[in-house]
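These are the residues of each chain, in order.
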Amino acid sequence: MKKSFGKTLCLALLFLLLPFFITALLSGKETIQMTGDFDLETILPELIYQEMSGEYEKEALKAQAVLIRSRLTVELREGMDSEQLEQSARLDREQKEDYLREWNRYAAAAKETEDEVLSYAGKTVEGAFCMVSAGRTRNASENFSDGSFPYLTQQDSEMDLQSPDYLRAYTLSAEAVVLKLAAAGVTADEEAVNAMEITGQDSAGYVTEISVGENTVGGEAFRSALGLCSSCFSIQKSEGQFRFMCRGVGHGFGMSQYGANILAEQGKSYREILDYYFPDATVQKRG
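Residues numbered from 1 in each chain as written. Predicted model: local features only at pLDDT ≥ 70, side-chain atom pairs only at ≥ 80, totals over all residues. Heavy atoms only, no water.

S.K.: I keep staring at the packing of helix H2 (residues 58-77) against helix H5 (residues 103-111) and nothing clicks. Help me out?
M.R.: Angle between the axes and distance between the axes are the two parameters that describe a pair of packed helices. Packing of H2 against H5 leaves a shortest axis separation of 8 Å and a crossing angle of 60°. In terms of orientation, H2 lies oblique with respect to H5. The element H2 and its partner H5 pack so that their crossing is right-handed. In this structure, H2 contributes Lys 58, Leu 61, Lys 62, Ala 65 and Arg 69 to the contact, and H5 contributes Arg 105, Tyr 106, Ala 108, Ala 109 and Ala 110. When the residues that make up the contact of H2 with H5 are grouped by side-chain class, the tally is 6 nonpolar, no polar and 4 charged. (Axes fitted to C-alpha atoms, helices over the stretch in contact; angles between N-to-C directions. Helix = DSSP H or I, 4+ residues; strand = E, 2+ residues; numbered from the N terminus. Parallel < 35°, antiparallel > 145°, perpendicular 65-115°, else oblique. Left-handed = near helix turned anticlockwise from the far one by under 90°. Contact = heavy atoms within 4.5 Å. Nonpolar A, V, L, I, M, F, W, Y, C, P; charged D, E, K, R; others polar.)

S.K.: Help me understand helix H10 (residues 270-277), please; the structure alone is not making it clear to me.
M.R.: Residues spaced three or four apart along an α-helix face the same direction, because each turn holds 3.6 residues. When we look at burial in H10, the residues that qualify are Tyr 270, Ile 273, Leu 274 and Tyr 277. Each buried residue of H10 lies within a common arc of 95° when the element is viewed along its axis, so the set occupies one face. Residues of H10 that are buried in the fold lie against H2, strand S1 (116-120), strand S10 (255-256), helix H9 (257-265) and strand S11 (282-285). (Buried < 20%, exposed > 50% of the residue type's maximum accessible area, 1.4 Å probe, protein only. Arc of directions from axis to C-beta.)

S.K.: How should the packing of aromatic side chains be read in this particular structure?
M.R.: Given two aromatic rings, one states the distance between the centres and the angle between the planes to describe the pair. Counting across every chain of the model gives 12 aromatic pairs. With a centroid separation of 5.6 Å and an interplanar angle of 65°, the aromatic rings of Tyr 49 and Tyr 99 are classed as edge-to-face. One end of the pair, Tyr 49, is in helix H1 (residues 40-51); the other, Tyr 99, is in helix H4 (residues 93-101), with 50 residues separating them in the sequence. Classification of Tyr 49 by relative accessible area gives buried; the value is 5%. Ring geometry for Tyr 120 against Tyr 151: centres 6.0 Å apart, planes inclined by 40°, an arrangement best described as tilted. Taken together, the residues Tyr 120 in strand S1 and Tyr 151 in the loop between strand S3 (129-130) and strand S4 (167-173) connect sequence positions 31 residues apart. By relative accessible area, Tyr 151 is classed as buried at 1%. (Phe/Tyr/Trp six-rings, centres within 6.5 Å; stacked < 30°, edge-to-face > 60°.)

What follows is the structure, encoded as structure tokens:
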């Protein structure tokens, strides 16, 4: 995935827990507000490029297209300005050259899924995805006490263990951890950092909270502050150094891009891929 949807570090339990989820899904309005002659379909290929490698299988790209279209439909419904969206699709010169080499694949993924979105309970919902899961995707019901995102359920994604990005290690000094936390608004001295411990995990193994002195920090907030690739991590301490062993890349909710590509290689269609990762949701035409 070439860029994230993270918003801010100020709402740890909601926005920081899901940096890729930037809408609250509180509005009951399904109407999309657009300006001028804006057409989401015309910029979708560029947006797919920004999120998934053109080397991936066509059906994986098509599944990605549906999820991006779903996310943007929700954002537009919730008041995102279409001009802002168009700006987000603009590529720099180097990106444009790279994109044009694989343009036909991205364009086909958009065209062959035209106007299709992920739907739950008759409403378009945000299509969550991560680059590589920790072997299982996460269950939203374990992470959101208000019942948000009920269509995000835990699914096996053991194929992710094959990914070269499945395991990553980060080594940081206690001083570096203190500075990184401070930059994220968490005040803790080296003594507190040396005593930090994981105090909460969900059933997929992702850290939901970590104790740092008098502070309790959400797992996604902590990984964002330290620049870790995943909140599914363990901590090893040795002589003032901390080794964070991370599994997976991204927040772990929804579709694993790597897993989707493996399923596509096995002959699964994009609809079958989406049904695998979102069994309680359906793919429908955008209304």
